[in-house]
Amino acid sequence: MRRIFTASRWSSNNLLFPNRIEIEDDVVRCYKGAIIGYSSITIPRVSIASVRILSNIIFADIVIESFGGKEVISNGFRKSVAREIYELLENEYVIDYNP
């Protein structure tokens, strides 16, 4: 399963190059666009320590923390989209130990 979430262009710092979060079965990728290229970070799902939502008046930010101490902040998502990302990352990950 692969889900792609894109931040609203109306939020701050997302007018031309909106933030994007891709959630796959085993990894989460966060993209931040720039004039030339983009920056990205990939976090294995088993390394995610916590997920937080920082809610503003209209939009919300997603904060993903890994066990290694890395913190990724992706801003400008609608609140309903932020809740969906939170639910996917916090509740749906089940480790299958059966080979």
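Described below are features of the structure shown in this document.

Reading the values: the criteria
Residues numbered from 1 in each chain as written. Predicted model: local features only at pLDDT ≥ 70, side-chain atom pairs only at ≥ 80, totals over all residues. Heavy atoms only, no water. Pairing = 2+ DSSP bridges. Helix = DSSP H or I, 4+ residues; strand = E, 2+ residues; numbered from the N terminus. Axes fitted to C-alpha atoms, helices over the stretch in contact; angles between N-to-C directions. Contact = heavy atoms within 4.5 Å.

Concerning the pairing of strand 5 (residues 48-55)
Two faces make up the sheet, and in a regular strand the side chains alternate between them. Pairing between strand 5 and strand 6 (residues 59-66): seven bridges, direction antiparallel. Across the sheet, residue R52 finds its bridge partner in strand 6, namely V63. Linkage of strand 5 to strand 6, two consecutive antiparallel strands, is achieved through a turn of three residues.

Let's talk about the sheet that holds strand 2 (residues 20-23)
The strand order across the open sheet built from four strands is 1-2-3-4, with neighbouring strands paired in antiparallel fashion. Since the sheet does not close on itself, it has two edges, and those belong to strand 1 (3-6) and strand 4 (38-44), each with one partner. The average undirected angle you get between the axes of adjacent strands in this sheet is 15°. In this fold helix 1 (residues 79-91) packs onto strand 1, strand 2 and strand 3 (27-33), with an angle of close to 145° to the strand it touches most, strand 1.

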